[in-house]
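Chain by chain, the residues:
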Amino acid sequence: MTDFTLADLDALVADRAKAPADQSYTAKLLAGGPAKPAKKLGEEAVEAAIAAVQGDRAGLVSEAADVLYHLVVLLRAGGVALDEVMAELERRTAQSGIAEKAARRHT
């Protein structure tokens, strides 16, 4: 088990976002507006799904890390704090996933 958290990743992304785009992949993604990290997130999500279907455990671990990284970058590009997403996840744990999905259909 590791002590590295999504909050740590978020802080790292925030720090790297301050660097010049020619020196930081994170800054380069953010310089492209939300479209650039959104495209990368989609690509990585597909690669993670393929690895899972193929039973490629190591590939799934690697691609899942890419998905989480690109999601955190996309949140930053969209002006959404990771804490907002975590609060939403926490709110959803108050009921079952089936009940939560049913409630969303009525709003």
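For the structure itself, consult the block above.
I will try to describe carefully the structure that is included in this document. As the structure is a prediction and not an experimental result, all values here were calculated from the model.

Details of helix H1 (residues 6-17)
Next up, step 1: Between the first and last C-alpha of H1 there are 16 Å, a value that for 12 residues agrees with the 16 Å anticipated at 1.5 Å per step.
Next up, step 2: Near the N-terminus of H1, the side chain that reaches the backbone nitrogen of Ala7, with its oxygen 3.2 Å away, is that of Thr5.

A word on the layout of surface pockets
Next up, step 1: Estimates place the volume of the largest pocket at around 160 Å³.
Next up, step 2: Surrounding the largest pocket, Phe4, Thr5, Leu6, Leu9, Ala65, Leu68 and Tyr69 form its lining.
Next up, step 3: Of all the elements in the fold, those that place two or more residues in the lining of the largest pocket are H1 and helix H4 (57-77).
Next up, step 4: The class makeup of the residues in the lining of the largest pocket is 6 nonpolar, 1 polar and no charged.

Looking at the packing of helix H3 (residues 35-53) against H4
Next up, step 1: Interaxial distance between H3 and H4 falls to 8 Å at its minimum, and their mutual angle equals 160 degrees. With respect to their mutual orientation, H3 and H4 come out roughly antiparallel. The two elements H3 and H4 meet at a crossing, and its hand is left-handed. Counting all contacts with H3, which are made through Pro37, Ala38, Lys40, Leu41, Glu44, Ala45, Glu47, Ala48, Ala51 and Ala52, the residues of H4 involved are Gly59, Leu60, Glu63, Ala64, Asp66, Val67, His70, Leu71, Val73, Leu74 and Ala77.
Next up, step 2: Looking at the contact of H3 with H4 residue by residue, the classes come out as 14 nonpolar, 2 polar and 5 charged.

The rules behind these values
- Residues numbered from 1 in each chain as written.
- Predicted model: local features only at pLDDT ≥ 70, side-chain atom pairs only at ≥ 80, totals over all residues.
- Heavy atoms only, no water.
- Helix = DSSP H or I, 4+ residues; strand = E, 2+ residues; numbered from the N terminus.
- Expected span 1.5 Å × (residues − 1).
- Polar contact = N/O pair within 3.5 Å; in protein donor to acceptor, adjacent residues only side chain to side chain.
- 1 Å grid on protein atoms, 1.4 Å probe; cavity = no way out; pocket = protein on both sides within 12 Å on 5 of 7 lines; lining within 4 Å.
- Points joined across faces, edges and corners; volume = space filled by probe spheres on them.
- Nonpolar A, V, L, I, M, F, W, Y, C, P; charged D, E, K, R; others polar.
- Axes fitted to C-alpha atoms, helices over the stretch in contact; angles between N-to-C directions.
- Parallel < 35°, antiparallel > 145°, perpendicular 65-115°, else oblique.
- Left-handed = near helix turned anticlockwise from the far one by under 90°.
- Contact = heavy atoms within 4.5 Å.

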